Amino acid sequence: MPHASTPAVPGWYTGEGDGFRLLGTRCASCASVFFPREDTHCRNPHCAGGALEETPLSRRGRIWSYTDSRYRPPSPYVSNPELPWEPYALIAVELEAERMVVLGQATPGVTVADLTVGMEVEVVPGVLHEDTETTWTTWHWRPTGVTA
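Quick summary incoming for the structure in this document. From a predicted model like this one, the values you see are computed outputs, not experimental measurements.

For His-140, the position within the fold is in strand β10 (residues 134–143). Look past the residues within four positions of His-140 in its chain and what remains in contact with it is Gln-105, Ala-106, Thr-107, Pro-108, Glu-122, Val-123, Val-124, Gly-126 and Val-127.

Right, dumping it as structure tokens:
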């Protein structure tokens, strides 16, 4: 029986393959872009506020900073305490057009040894966790030119 695919954070991303995008919101008055999305008011303190419109964010950006996670995070992060902890790389990416920094995990198999500040990366669909019924999806950052 196939797993149900469920976003770990509904409304933060959409699409598949090359159409996969993070979703932010843009203020119609001042054009400020927000991620995570903002659905109630403009966060720009110099703006009187306007309608907030969903907007897909840039697929590519450059690494602003990175580190690795060498410990099992506490709840509510889901991990099986029976299995050994597998470190993963965390990447802060400055998006190309928006000039904002978005944090996320690197694709599986990419380590901090593979990364450099300024390297171009792209957002791709990822898996946060799977159980017997559900695949919880998220986003990952992958260095451009890498297909795995």
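Now that the structure has been shown, the text picks up again.
What follows deals with the environment of Leu-52. Relative to the helices and strands, Leu-52 is located in strand β5 (residues 52–56). Classification of Leu-52 as partly exposed rests on a relative accessible area of 23%. Put simply, Leu-52 and Ala-28 are 24 residues apart on the chain and 6.1 Å apart in space, counted from C-alpha to C-alpha. Setting aside its immediate chain neighbours within four residues, Leu-52 contacts Thr-25, Arg-26, Cys-27, Phe-34, Glu-38, Asp-39, Thr-40, His-41 and Cys-42.

Counting buried residues in strand β3 (residues 21–27) gives 5 out of 7 residues, a clear majority hidden from the surface. Strand direction decides the pairing type here: strand β2 (residues 13–14) and β3, joined by 2 bridges, are antiparallel. Bridging across to β3, Thr-14 finds its partner in Arg-21. The antiparallel hairpin formed by β2 and β3 contains 6 residues in its connecting segment, where Gly-15 sits at a positive phi of about 85°. Direction of pairing for β3 relative to β5: antiparallel, over a ladder of 5 bridges. Looking at the pairing, Thr-25 lines up with Glu-54 of β5. One ladder, built from 2 bridges, connects β3 with strand β4 (residues 33–34); its direction is antiparallel. When the sheet's bridge partners are listed, Thr-25 is paired in β4 with Phe-34. The turn linking β3 back onto β4 is made up of 5 residues, and Ala-31 within it adopts a positive phi angle of 70°.

Calculation criteria
- Residues numbered from 1 in each chain as written.
- Predicted model: local features only at pLDDT ≥ 70, side-chain atom pairs only at ≥ 80, totals over all residues.
- Heavy atoms only, no water.
- Helix = DSSP H or I, 4+ residues; strand = E, 2+ residues; numbered from the N terminus.
- Contact = heavy atoms within 4.5 Å.
- Buried < 20%, exposed > 50% of the residue type's maximum accessible area, 1.4 Å probe, protein only.
- Pairing = 2+ DSSP bridges.

The quantities given are spatial measurements derived from coordinates; they are silent on function.
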